[in-house]
Amino acid sequence: MKALIFDPFAGIAGDMILGALVDLGLEPEWLSAFVAGLGLEGVGVETGRADRRGIRCGTVRFELPRQHEHRHLRHVVEIIERAPVSDAVRARSSDVFRRIAEAEAAIHGTTVEKVHFHEVGALDSILDVLCGMAGMERLGYETFYYRPIAIGTGTVAIKHGRYPVPAPATARLLEGYAVRETGFEGECTTPTGAALLTALTEGKRVPADVLLGRAGYGAGTRDPEDRPNCLRLIECRVGGSGDGAMVVVQADVDDMSAEYVPAAQQALLEAGARDATVLRIDMKKGRPGLRFEALTDEASLPAVIEALYRSTSTIGLRHWRVERPVLERNETVIEWRGHRIGVKQVRLSDGTVRSKPEYDDVVRAARAEGMPPLEVRAAVERIVRDP
């Protein structure tokens, strides 16, 4: 599973994320084709390189028509819904703007529906989010962590006047997240950057046993003399050949209706658990019960514990560290009748390779072609076996 660390040592913004992705290998040709496919009139994209205090960074700039309109959340979501992207990219992109809308609504004492986007409702912010989420998917990143976020000092001019850094929406979005007081002048982290980071990492800090891979750098618009104004994204693996130290969280209940079990499992997975299972057990006095068990990394442990308390009737739990060796694995994408289907592959010690098409992609392609999912899976497996 490919993972990525957000290291906003000088801050984070949407264009910095895209520049770092290009530096990590996101093809400029693919990005240009993706933007063209969005059907937004008068919009183009230019990629390049820039130096930030001696660091070579990727850059992404959008060519935009003159704009005067401000958008509500529903207008932004409509643009995202029309985009030719996967369901995962569509959901993540919409989540970013919902986070911003909720932050703005809380600040201004209004509802999400009435929030009037200004800067973050502009086309460049919408493109930052859509291209960023699609680019992450293109490069195969599935898990995200973050390091403390530089927020800057001084004031920033927004629609309602000059406010101290971080801007009110940024401060709201970063509640519960670790930040760095760097003394850097100006706005280092924008609301769009903060929303993208929080939507992808969901608060997961970098694990203690992480193995770092290559890094990509994305240039900010400014080039101050006191620091390299860029964002660093770092590929990583946790625990080397396995996932290293993991945590098992377990709770037994005997007073919970079985119909609520699937929702509880989903809540654990959404909180960051790698896996969540339920066993039928016999408890004291012969009472039938349920045992909820989740496997998580240490960074997600607090969120998983909270989800277990909130989604089940337990009043106590237990957890302990375990080791989780895993097989060497990689992921690829197969084109089948115009459908992109992800394939996970693992390699055994004798060199044997096992492949498994992604279930959601298989089902989506099967529905589009009017075929049983098992037939689609067999066809993809044949392509993998005999390319």
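How each quantity is defined
- Residues numbered from 1 in each chain as written.
- Predicted model: local features only at pLDDT ≥ 70, side-chain atom pairs only at ≥ 80, totals over all residues.
- Heavy atoms only, no water.
- Helix = DSSP H or I, 4+ residues; strand = E, 2+ residues; numbered from the N terminus.
- Rg over C-alpha atoms; globule rule 2.2 N^0.38 Å.
- Contact = heavy atoms within 4.5 Å.
- Areas by Shrake-Rupley, 256 points an atom, 1.4 Å probe, with all protein chains shown as cover.
- Lys, Arg positive; Asp, Glu negative; His and termini not counted.
- Charge placed at Lys NZ, Arg CZ, Asp CG, Glu CD.
- Core = buried A, V, L, I, M, F, W, Y, C linked by side-chain atoms within 4.5 Å.
- Buried < 20%, exposed > 50% of the residue type's maximum accessible area, 1.4 Å probe, protein only.
- Pairing = 2+ DSSP bridges.
- Axes fitted to C-alpha atoms, helices over the stretch in contact; angles between N-to-C directions.
- Arc of directions from axis to C-beta.
- Disulfide = S-S within 2.5 Å.
- Parallel < 35°, antiparallel > 145°, perpendicular 65-115°, else oblique.
- Left-handed = near helix turned anticlockwise from the far one by under 90°.
- Nonpolar A, V, L, I, M, F, W, Y, C, P; charged D, E, K, R; others polar.
- Polar contact = N/O pair within 3.5 Å; in protein donor to acceptor, adjacent residues only side chain to side chain.
- Salt bridge = Lys/Arg side-chain N within 4 Å of Asp/Glu carboxyl O.

Assigned secondary structure in the protein consists of 11 helices and 21 strands. Relative to the globule expectation of 21 Å for 387 residues, the C-alpha radius of gyration of the protein, 23 Å, shows essentially globular dimensions. Expressed as lengths along the three principal axes of its C-alpha atoms, the size of the protein is roughly 65 × 55 × 40 Å. The long-range fraction of contacts in the protein, counting pairs at least 24 apart against all pairs at least 6 apart in sequence, stands at 69%. For the protein, the computed accessible surface area is about 19,300 Å², with 49% contributed by carbon and sulfur atoms. In the protein, 50 positive and 56 negative side-chain charges are present, and the distance between their average locations comes to 2 Å.

A few words on the nonpolar core. Of all hydrophobic cores here, the largest spans 64 residues; its most connected members are Phe6, Leu21, Phe97 and Met136. For this core, the leading source of residues is helix α5 (residues 123-139), giving 10 residues. Dropping the residues within four chain positions of it, Phe6 is found in contact with Ile12, Ile17, Met136, Phe144, Tyr145, Tyr146, Arg147, Leu197, Leu200, Thr201, Arg232 and Leu233. With 20 residues, the next largest nonpolar core counts Ala251, Val253, Ala264 and Phe292 among its residues.

This part takes up the sheet that holds strand β19 (residues 328-336). Through backbone hydrogen bonds, the strands of a sheet pair up, either in parallel or in antiparallel fashion. On the basis of which strands lie adjacent, the open sheet formed by three strands has the order β19-β20-β21 and antiparallel pairing. Of all the strands in the sheet, just β19 and β21 (353-357) have a single pairing partner and so form its edges. Taking each pair of neighbouring strands and ignoring which way they run, the sheet shows an average axis angle of 30 degrees. The sheet contact formed by β19 and strand β20 (residues 339-347) spans nine bridges and is antiparallel. Residue pairing for β20: Thr332 is matched across the bridge by Val343. Across the face of the sheet, helix α11 (residues 373-385) comes into contact with β19, β20 and β21 while running at roughly 110 degrees to β19.

Next up on the list: helix α3 (residues 73-82). Along α3, the residues classified as buried are Leu73, Val76, Val77, Ile79 and Ile80. One side of α3 holds all its buried residues, which, seen down the axis, span an arc of 155 degrees. Exposed and oriented more than 90 degrees from the buried face of α3 are Arg74 and Arg82. Buried residues along α3 sit in contact with β4 (71-72), α4 (87-108), β5 (116-117) and α5.

Disulfide: a covalent bond connecting the sulfur atoms of a pair of cysteines. The tally for this structure, following the rule as stated, stands at zero disulfides. No disulfide involves Cys57; its sulfur sits 4.1 Å from that of Cys230, the nearest cysteine. On the accessibility criterion, Cys57 (0% relative accessible area) is buried. Not part of a disulfide, Cys131 finds its nearest cysteine sulfur in Cys57, a span of 19 Å. Judged by relative accessible area, Cys131 falls into the buried class, the value being 0%.

A pair of packed helices can be characterised by two numbers: the angle between their axes and the separation between those axes. Between helix α2 (residues 28-37) and α5, the shortest axis-to-axis distance is 11 Å and the interhelical angle comes to 135 degrees. Considering their axes alone, α2 and α5 lie oblique with respect to each other. Judged by the sense of rotation from one axis to the other, the crossing of α2 with α5 is right-handed. Mapping the contact onto sequence places Trp30, Leu31, Phe34 and Val35 in α2 and Leu130, Cys131, Ala134, Gly135 and Arg138 in α5. Taken together, the residues of the contact of α2 with α5 break down into seven nonpolar, one polar and one charged.

This brings us to the side chain of Arg90. Assignment of secondary structure puts Arg90 in helix α4. Judged by relative accessible area, Arg90 falls into the buried class, the value being 16%. One polar contact links the side chain of Arg90 to the main-chain carbonyl oxygen of Ala83, over a distance of 2.8 Å. Ignoring anything within four residues of it in the chain, the contact list for Arg90 reads Ile80, Glu81, Ala83 and Val85.

What follows covers the pattern of salt bridges. Side chains that carry opposite charge are capable of pairing whenever their charged atoms lie near each other. Scanning all chains against the criterion turns up 23 salt bridges. Between Asp15 and Arg61 there is a salt bridge, and its shortest N-O distance comes to 3.5 Å. Of the two residues, Asp15 sits in helix α1 (residues 14-23) while Arg61 sits in strand β3 (residues 55-63), which places them 46 residues apart along the sequence. For Asp15, a relative accessible area of 15% translates into the label buried. Exposure remark for Arg61: the relative accessible area of 29% places this residue in the partly exposed category. The partner of Arg364 in a salt bridge is Asp87, and the shortest N-O contact between them spans 3.5 Å. Linking Arg364 in helix α10 (residues 359-369) with Asp87 in helix α4, this pair joins segments that are 277 residues apart in sequence. Exposure remark for Arg364: the relative accessible area of 37% places this residue in the partly exposed category. Residue classification places Asp87 among the partly exposed residues on the basis of a relative accessible area of 44%. Members of the salt-bridge network, linked through shared partners, are Asp87, Arg90, Asp361 and Arg364.

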